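Observations on the model geometry
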Amino acid sequence: MTQTESLLEKGLKTADLTEDELVFLLTCADGEAVFRAADAVRKRGVGDEIHLRGLIEFSNICQNNCLYCGIRRGNPNVERFCLSPEEIVESARNAKALGYGTVVMQSGESGVPAVDDLCGVLRRVKALDVAITLSIGEKSFEEYRAYKRAGADRYLLRIETTDKALYAALDPQMNWERRKQCLDDLKTLGYEVGSGCLVGLPNQSVESIARDILFLKRIGVDMAGIGPFIPHPDTPLKDCKATGFELSLRTMALTRILLPDINIPATTAMETLSPNGRVKALQSGANVVMLNVAQGGHRAAYALYPNKAGVNDVAAIARKNIERTIESIGRKVGAGYGSRKKA
Ligand code: 5AD
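A brief structural summary. Residue positions within a chain follow its written sequence, with the count starting from 1. With the structure being a predicted model, the display of local features is reserved for residues of pLDDT at least 70 and the display and counting of side-chain atom pairs for 80 or more, all residues being used for whole-chain, interface and lining totals. Each side-chain value is worked out from all heavy atoms of the structure, with water and hydrogens disregarded.

1. Overview of the packing of aromatic side chains
- Stacked, tilted and edge-to-face are the three classes assigned to paired rings of Phe, Tyr and Trp, where Trp is represented by its six-membered ring and a pair needs centres within 6.5 Å; plane angles under 30 degrees give stacked, over 60 edge-to-face, the rest tilted. Under the defined criterion, the tally for this structure stands at 3 aromatic pairs.
- Here the aromatic rings of Tyr155 and Tyr191 are separated by 5.7 Å at their centres, their planes lie at 85°, and the arrangement is edge-to-face. Of this pair, Tyr155 sits in strand β4 (residues 154-156) while Tyr191 sits in the loop between α8 (176-188) and β5 (192-199), placing them 36 residues apart in sequence. Per residue, the accessibility class of Tyr155 equals that of Tyr191, and both read buried.
- Put simply, the rings of Tyr144, Tyr155 and Tyr191 touch in pairs and so form one group of aromatic residues.
- Geometrically, a lysine NZ or arginine CZ counts as sitting over a ring once it is within 6 Å of the ring centre and also within 35 degrees of the ring normal. Stacked on the ring of Tyr191, the Lys or Arg Lys148 has its end atom at 5.8 Å from the ring centre.
- Stacked on the ring of Tyr100, the Lys or Arg Arg319 has its end atom at 4.6 Å from the ring centre. Counting from the N terminus, the helices are DSSP H or I runs at least four residues long and the strands are E runs at least two residues long. Think of it in three bands: with a 1.4 Å probe and only protein chains considered, a residue is buried below 20% of the maximum accessible area for its type, exposed above 50%, and partly exposed in between.

2. Overview of the pattern of salt bridges
- A carboxyl oxygen of Asp or Glu within 4 Å of a side-chain nitrogen of Lys or Arg is what we treat as a salt bridge. The full count for this structure, using the stated rule, is 22 salt bridges.
- Two residues, Glu57 and Lys308, come together in a salt bridge whose shortest N-O distance is 3.0 Å. Here the residue Glu57 occupies a position in strand β1 (residues 49-59), and Lys308 occupies one in the loop between β7 (288-292) and α13 (315-328), the gap between them amounting to 251 residues. In terms of burial, Glu57 and Lys308 fall into one category: buried.
- Each of Asp39, Arg42, Lys43 and Asp48 takes part in salt bridges that share partners, so that together they form one network.

3. Digging into the site of the ligand
- Every residue lining the ligand is accounted for by Tyr68, Cys69, Gln106, Arg158, Glu160, Leu198, Pro228, Phe229, Ile230, Leu304 and Tyr305.
- Between the ligand and Ile230, the relevant distance is 2.8 Å, taken from a nitrogen atom to a main-chain nitrogen or oxygen of the residue. In these notes, residues near a molecule or strand are those with any non-hydrogen atom within 4 Å of it. Pairing of N or O atoms within 3.5 Å defines a polar contact, subject to two protein rules: one partner must be a possible hydrogen donor and the other a possible acceptor, and residues neighboring in sequence count only if both atoms are side-chain atoms.

4. Looking at the environment of Ala38
- By the element assignment, Ala38 lies in helix α3 (residues 31-46).
- The class for Ala38 is buried, based on a relative accessible area of 0%.
- Separated by 188 residues in the primary sequence, Ala38 and Ile226 have C-alpha atoms spaced 14 Å apart.
- Any two residues having at least one pair of non-hydrogen atoms within 4.5 Å are treated as being in contact. Among residues more than four places away in sequence, those in contact with Ala38 are Ala253, Arg256, Ile257, Ser284 and Gly285.

5. Description of helix α4 (residues 85-98)
- When the terminal C-alpha atoms of α4 are compared, their 20 Å separation across 14 residues agrees well with the 20 Å that a helix rising 1.5 Å per residue should span.
- Every buried residue of α4 is accounted for by Ile88, Val89, Ser91, Ala92 and Ala95. Viewed end-on, α4 has its buried residues packed into an arc of 155°, placing them on one side of the element.
- Those residues of α4 that are buried lie in contact with β1, β2 (102-107) and α5 (115-126).
- Once α4 ends, the next one or two residues include Gly99, with phi positive near 105°. In this analysis, the expected span of each helix is defined as 1.5 Å times one less than the number of residues it contains. Arc definition: directions from the helix axis to the C-beta atoms.

6. Quick word on the nonpolar core
- The nonpolar core is taken to be a set of buried Ala, Val, Leu, Ile, Met, Phe, Trp, Tyr and Cys residues, with the residues joined through side-chain atoms within 4.5 Å. One finds Tyr68, Met105, Tyr147, Tyr191 and Leu254 to be the most contacted residues of the largest nonpolar core, which totals 97 residues.
- In terms of residues, this core owes the most to one element, helix α10 (residues 245-258), which gives 7 residues.
- Not counting residues up to four positions away in its chain, the partners in contact with Tyr191 are Tyr144, Tyr147, Lys148, Ala152, Asp153, Arg154, Tyr155, Leu186 and Asp222.
- Of all hydrophobic cores here, the second largest spans 6 residues; its members include Leu55, Val104, Met223 and Met290.

7. Considerations on α10
- Helix length check: α10 (14 residues) gives 20 Å between terminal C-alpha atoms against 20 Å at 1.5 Å per residue, within 8%.
- Here α10 lies mainly inside the structure; 12 of its 14 residues are buried.
- Those residues of α10 lying buried are Phe245, Ser248, Leu249, Arg250, Thr251, Met252, Ala253, Leu254, Thr255, Arg256, Ile257 and Leu258.

8. Here's the deal with unusual backbone geometry
- Between Val112 and the following residue, Pro113, the backbone shows a cis peptide bond with an omega angle of -10°.
- Here Pro113 shows up in the loop between β2 and α5.
- Of note in the backbone geometry, Glu160 takes a positive phi value of approximately 70° without being a glycine.
- By the element assignment, Glu160 lies in the loop between β4 and α7 (164-170).

Here it is in structure tokens:
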């Protein structure tokens, strides 16, 4: 038996791998073996259903200045927008009509809309009988509590990287410990918590990626979003190369092996870097797809990175297409809210 095979066998049996073992599997020659193992764990852990989420990117206003991100505060070439409450609710209503059981509301990090206004929107969306995932950045405990009470069920906040030096270099004004505290607060409040990381950042080591995977396991995430870094032309990292596709798939696959029963999306960034990226991800551990359902005509302005897949898709057509794709790979569209079911 090769070392790859024996480590994968250990992963399949125990859902436990050390940092060194993860580094080996992140870099070994036989990536396909890692993907196959992750696919087997996915089948056992969460079955063949693929849960579809309706994504509403409702504002690109952001106070942060992350070097990699297209909607960073310091990018003057972005037309800033925030959908009105009516537009957000209408987008959610459309998602519900198309059959989505979950609406994901994502935005840049800012005070817009105000807490009470956003709570009002959450109550109206909740009345549609959908699960709500929020992804609006670092907030206070009280603010997170207000959103939970107004109807939010889940929260996505990527840690981005567990390499604290790299984290600080990517946005000197942000604080890693504070972000970690937010994840703890969300857990305390009873949210289903999602986190994850970027893969292929400049100066990011494979060892740190192995530690990112172990971090997700240690904090007990319910969802993990992992995607390749894609350089944006209006950011300081514009001259970097997008090298993270294969490594992000492996990172995702190994996360699946260590966390058999969580929800893992095939990320839009993967689909953006490779024409078949989404399907490849769904066959390497992923069980969730997030599709844009936002109305209001601002999708192109939510460019975290260039050439984002699906920006011009009509929601109803995109939904039909993904349903067909899911059937073509022998899987099923998930029913209900698609919450994490702990094994
Ligand atoms: N390439 C890929 N992903 C990015 N994100 C932000 N900028 C980029 C980029 N240039 C990711 C971050 C964030 C998520 C919403 O989008 O990981 O958490």
